[in-house]
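Structural features, examined
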Amino acid sequence: AGTVRIPATADGLQSGTAEVAVRPATVAKVKGRCRGMRGQEDDGAIERPDEMGRRMEKMQRLTPADVQATSSHANYPLTNLTDGDDTSWWIADSRTLPQVITVTFPTTQWIELMRLRFQKDSTYYGYHVETTADGITWTPLIEEEITGWDFHPREVQRDVKAIRLTITSVSDAAAGIAEWSFFAE
């Protein structure tokens, strides 16, 4: 808490100072479990939970057996994608599209919800998700274009052996994901 003073000068312009009052947040921070978030993309998120977010918090988080991707930047490895940490990122090694990520589970199992959080809130992402129960036949689940700030849970509600994410468009950077997680009752 306190005051931040910001002086500004520029050649040929009048100089000035601005003051901003700063106070601590009075709400709980959370690693993006629910829709209705507000805050800064790199500073965590402020929670305003919805019904699906509250359901997800009571579920078991599932652990993948394998994760494969089209590419991965050396500083932002694929292991970051499902590590449970929204502050570690997977980023593609270039802006080449599409980028395809396939998550495989140890056995075919019922998945109730998934949560996909893209890397940047100011970026638009076009993508689609497909699932397979047998490893052969893929069934569409989601196709949409969203901002990275839209990271609320999505219903899966089907038996899944593997789930595949295809990123088809990114507005201003290489494809990047903060976290992709899966939940069951």
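Residues numbered from 1 in each chain as written. Predicted model: local features only at pLDDT ≥ 70, side-chain atom pairs only at ≥ 80, totals over all residues. Heavy atoms only, no water.

Regarding a nonpolar patch on the surface
Together, V4, I6, V20 and V22 make up an exposed nonpolar region whose accessible area comes to about 290 Å². Listed by contribution, the elements that provide at least two residues to the nonpolar patch are β1 (2-8) and β2 (16-22). Relative to the helices and strands, V4 is located in strand β1. (Patch = residues over 30% accessible without salt bridge, like charges linked within 9 Å, V, L, I, M, F, W, Y side chains within 5 Å. Areas by Shrake-Rupley, 256 points an atom, 1.4 Å probe, with all protein chains shown as cover. Salt bridge = Lys/Arg side-chain N within 4 Å of Asp/Glu carboxyl O. Helix = DSSP H or I, 4+ residues; strand = E, 2+ residues; numbered from the N terminus.)

Things to note about the pairing of strand β11 (residues 154-170)
Remark: a regular strand shows side chains that alternate across the two faces of the sheet. Sheet analysis places strand β8 (residues 99-118) next to β11, joined by 11 bridges and oriented antiparallel. Counted as the bridge partner of V100 is T166 from β11. With 8 bridges connecting them, strand β9 (residues 124-132) and β11 associate as antiparallel partners. When the bridges of β11 are listed, E130 appears paired with R164. (Pairing = 2+ DSSP bridges.)

Focus: the nonpolar core
By size, the foremost hydrophobic cluster in this structure holds 30 residues, and its most contacted members are M114, I163 and W180. If you list the elements that add at least two residues to this core, you get β8, β9, β10 (139-147), β11 and β12 (176-184). For W180, the residues in contact, after removing those within four places along its chain, are R61, L81, T82, I101, V103, M114, R115, L116, V129, I163, R164 and L165. Residues M56, M59, L113 and F183 belong to the second largest nonpolar core, which totals 5 residues. (Core = buried A, V, L, I, M, F, W, Y, C linked by side-chain atoms within 4.5 Å. Buried < 20%, exposed > 50% of the residue type's maximum accessible area, 1.4 Å probe, protein only. Contact = heavy atoms within 4.5 Å.)

So, the side chain of E179
Note that E179 resides in strand β12. Within the structure, E179 has its side chain in polar contact with the side chain of R61 (distance 2.6 Å). Separated by 3.3 Å, the side chain of E179 and the backbone nitrogen of D85 make a polar contact. Beyond its immediate stretch of four places on either side in the chain, E179 contacts R61, N80, L81, T82, D83, G84, D85, D86, R115, L116 and R117. (Polar contact = N/O pair within 3.5 Å; in protein donor to acceptor, adjacent residues only side chain to side chain.)

Considerations on the pattern of salt bridges
Under the criterion given, the structure shown has 8 salt bridges. Notably, a salt bridge pairs R5 with E19, separated by 3.1 Å at the nearest N-O pair. On the criterion of sequence distance, the pair formed by R5 in strand β1 and E19 in strand β2 is long-range, its members being 14 residues apart. Classification of R5 by relative accessible area gives exposed; the value is 55%. The salt bridge involving E179 is made with R61; its shortest N-O contact spans 2.6 Å. Within this pair, whereas E179 is found in strand β12, its partner R61 is found in strand β5 (residues 60-61), the two being separated by 118 residues in sequence. E179 sits in the buried class, given a relative accessible area of 0%.

Description of the confidence of the model for the chain
Looking at the chain as a whole, its pLDDT mean stands at 85, while 85% of the residues score no less than 70. When the elements of the chain are averaged for pLDDT, strand β3 (residues 29-30) gives the smallest value, 36, and strand β6 (residues 66-69) the largest, 97. In this model, residues 26-38 is a region of pLDDT below 50 whose contacts with residues beyond four sequence positions or in other chains number 47 contacts. (pLDDT = per-residue confidence, 0-100.)

Things to note about the environment of L113
Within the secondary structure, L113 sits in strand β8. With 43 residues separating them in the primary sequence, L113 and V156 have C-alpha atoms 5.1 Å apart.

A short note on the packing of aromatic side chains
Scanning the model with the defined rule gives 5 aromatic pairs in all. With a centroid separation of 5.3 Å and 85 degrees between ring planes, the pair formed by F105 and F182 is classed as edge-to-face. Note that F105 is positioned in strand β8 and F182 in strand β12, a separation of 77 residues in sequence. Like F182, F105 is buried. Between W180 and F182, the aromatic rings sit 5.0 Å apart at their centres with planes inclined by 55 degrees, giving tilted as the arrangement. A cation sits over an aromatic face here: R164 above W138, 3.9 Å from the ring centre. (Phe/Tyr/Trp six-rings, centres within 6.5 Å; stacked < 30°, edge-to-face > 60°. Lys NZ or Arg CZ within 6 Å of the ring centre and 35° of its normal.)

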